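The chain contents come next:
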Amino acid sequence: MQHREFKPAVIAPQGLDQLVATLRSRGFRVLGPSVRDGAIVYDDIEGAAELPSGWTDEQDGGSYRLVRRDDDARFGYAVGPHSWKRFLFRPELRLWRARRSESGGLVVEEEPAADQPMAFIGVRSCELHAIEIQDRVFMGGHHVDRDYAAQREGAFLVAVNCTAPGGTCFCTSMGTGPTVDAGAGYDIALTELLVGEHRFLAEAGTERGASVLAEIPGRPATRGDWDAAEAATDAAAALMGRTMDVSDIRDLLARNLEHPRWDDVAARCLSCGNCTQVCPTCFCSSVEEGGDLSGDTATRTRVWDTCFSVEYSYIHGGSIRPSSRARYRQWMTHKLGTWIDQFGTSGCVGCGRCITWCPVGIDITEEVSAIRATEGSGAATA
Ligand code: SF4
Ligand code: SF4
C-alpha cells in the first residue's frame, strides 16, 4: 500500500480535527461518516467529533444494527446504506427549468454545475473501486456527464483501510479490498491502529494530499507502525463475512439464463429496488417533468431509477422485463457478467450492501453459488 514518493507519517486521533479544518480552509465541502437514524451514513461534517467514534455495525442478510465497541475507533465499522455515489451521481438533480417570459415566449435556464469541491473522508478500498467504475460509466465514453465530472474532478479522497469488515462483505473475492492499492486514486490513505497507542498511519497519494498532511502534527512512521498496519489489514481480510467464486463467472451466468434458480429467487424478490439504490456502482436513472398549475414554469429533474421497476424497461407495447425473474436475472447477470463486456470490469466490488439492505435477505453470493453448484442439473435449489 505504500506510495514511495511521499513519506508516511503517524498522526494522533486529534489530528483528524486538523485534517477536517485544513480541508475546510482550502474551500472543500467536507463529507464523512456519522451516526444518524441508527446507521452510519455519509453527510457534511464540520469536525472530527462527528465521526462514529466507538461504533461498529453488525450486518447479515436483511439485517443491520449499530453496536458499541469497547474502544474509540473512528472507523471501526464496514459500510452503511450510503455510498459516495450520492454526492457524485446525485439521487435527484434538476437539469433545467423553463419559465414563460413577459412576451409569452419560453426561457429555458440550465442548472449550473456545482462548483464547490468536495472532500470525502473514510473512503474504503471497495468504494475507491466503485468510484473508478462509475468514472468509466459517466466520463469514460464519448458523452461525458457534465454534473458527475464537475463533482468528481476536484474531489479530494481520504481513504481508510478497512479493519472491520461486515458480515456481508466479500471484497477479497472481488480483488477490491480491504487494503487500498497504491495509486488507487486517493489523496491520503489512513490506517487506524488500535493496539498500543491509538494512532493513524497516514500516507499521501498525491501532491495535494502531501501538502494537506504537512499541516497535521505527526511523527515519521516506524517499522513497528508498518507492521501494526499490515497486521490490522491482514486480520480484516481473514474476517470477510462472505465469499464469491468468480472464476468464469461471466460465462457461467451466460450459460445458465434458463436455470431454475431464477424462479426460486423471483419467488422471494419483492422488486423493491433497494439493492440498486444502495449499490455504489448502479447507475440507472430516468427524468421527471414537473410544472406548476399556472403553466408558467416547468422543470426537468434526473432521478435515480432501478431496473427492478416494471416501468424502467417499458417500451411501446409493454415492459421488456415484466416478471421479477426477468428483472433479478437482468440485474445480476449485468452486474457480474455483461458489465465486463460493457466496461471491462465486474460491476460488483463486494461491498455487501445489496445483501444487508435487501428486506428479504437475498444474497448475491448465495445465488451465484447455487447456480454454480447445480449447473446443468435442471433442479431448483432451496
Ligand atoms: S452488487 Fe451488491 S455487493 Fe456488489 S457492489 Fe453492488 S451492492 Fe455491493
Ligand atoms: S433482491 Fe432484495 S433488495 Fe433487490 S429488489 Fe429484490 S427484494 Fe428488493
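Residues numbered from 1 in each chain as written. Chains lettered and ligands numbered in written order. Predicted model: local features only at pLDDT ≥ 70, side-chain atom pairs only at ≥ 80, totals over all residues. Heavy atoms only, no water.

**Considering unusual backbone geometry**
No. 1: Note the cis peptide between Gly-177 and Pro-178, where omega equals 5°.
No. 2: In this structure, Pro-178 sits in the loop between helix 5 (171-174) and strand 10 (188-193).
No. 3: Even without being glycine, Asp-37 reaches a positive phi, approximately 55°.
No. 4: Despite not being glycine, Asp-248 has its phi angle at roughly 60°, a positive value.
No. 5: Tracing the backbone through its elements, the reader meets Asp-248 in the loop between helix 7 (223-237) and helix 8 (249-255).
No. 6: Under the relative-accessibility criterion, Asp-248 is labelled partly exposed at 42%. (Helix = DSSP H or I, 4+ residues; strand = E, 2+ residues; numbered from the N terminus. Buried < 20%, exposed > 50% of the residue type's maximum accessible area, 1.4 Å probe, protein only.)

**Describing the site of ligand 1**
No. 1: Around ligand 1, a shell composed of Phe-170, Cys-279, Pro-280, Trp-331, Lys-335, Cys-348, Val-349, Gly-350, Cys-351, Gly-352, Arg-353 and Cys-354 is seen.
No. 2: Elements with a contribution of two residues or more to the shell around ligand 1: helix 11 (324-343) and helix 12 (353-356).
No. 3: Within the shell around ligand 1, the residues separate by chemical class into eight nonpolar, two polar and two charged. (Near = heavy atom within 4 Å. Nonpolar A, V, L, I, M, F, W, Y, C, P; charged D, E, K, R; others polar.)

**Let's talk about the sheet that holds strand 12 (residues 219-220)**
No. 1: The mixed open sheet is built from eight strands, whose spatial order is 3-2-8-9-10-11-1-12. Pairing within the sheet leaves two strands with one partner each, and these edge strands are strand 3 (39-44) and strand 12.
No. 2: Where strand 8 (residues 118-123) meets strand 9 (residues 156-160), four bridges bridge the pair, whose relative direction is parallel. Each residue of the ladder has a partner; that of Val-123, found in strand 9, is Ala-159. (Pairing = 2+ DSSP bridges.)

**Topic: the pattern of salt bridges**
No. 1: Considering all chains together, one arrives at 37 salt bridges under this definition.
No. 2: Arg-372 is paired through a salt bridge with Asp-245; the nearest N and O atoms lie 3.5 Å apart. Taken together, the residues Arg-372 in helix 13 (residues 364-374) and Asp-245 in the loop between helix 7 and helix 8 connect sequence positions 127 residues apart.
No. 3: In this structure Arg-372 comes out as partly exposed when scored by relative accessible area, which is 24%.
No. 4: Exposure remark for Asp-245: the relative accessible area of 41% places this residue in the partly exposed category.
No. 5: Salt-bridge contacts for Asp-248 lead to Arg-255; the nearest nitrogen and oxygen are separated by 3.2 Å.
No. 6: Each of Arg-261, Asp-264, Arg-268, Glu-366 and Glu-367 takes part in a single network of salt bridges with overlapping partners. (Salt bridge = Lys/Arg side-chain N within 4 Å of Asp/Glu carboxyl O.)

**Topic: the packing of aromatic side chains**
No. 1: Going through the model one piece at a time under the given rule, you end up with 18 aromatic pairs.
No. 2: Taking 4.6 Å as the distance between ring centres and 15° as the angle between the ring planes, the aromatic pair formed by Trp-84 and Phe-120 counts as stacked. Taken together, the positions of Trp-84 in the loop between strand 5 (63-68) and helix 2 (85-88) and Phe-120 in strand 8 put the pair 36 residues apart, joining distant regions of the chain. Each member of the pair, Trp-84 as well as Phe-120, is classed as buried.
No. 3: Arranged with centres 6.4 Å apart and planes meeting at 45°, the rings of Trp-262 and Tyr-328 form a pair that is tilted. Of the two residues, Trp-262 is situated in helix 9 (residues 261-268) and Tyr-328 in helix 11; the sequence distance between them amounts to 66 residues. For the pair Trp-262 and Tyr-328, a shared accessibility class is recorded, and that class is buried.
No. 4: Each residue in the set Phe-89, Phe-138, Tyr-148, Phe-283, Trp-304, Trp-339 and Phe-343 is aromatic and connected to the rest through ring pairs, giving one cluster.
No. 5: Lying across the ring of Trp-304, Lys-85 places its NZ or CZ 4.5 Å from the centre.
No. 6: Sitting over the face of the ring of Tyr-77, Arg-124 holds its NZ or CZ atom 4.8 Å from the ring centroid. (Phe/Tyr/Trp six-rings, centres within 6.5 Å; stacked < 30°, edge-to-face > 60°. Lys NZ or Arg CZ within 6 Å of the ring centre and 35° of its normal.)

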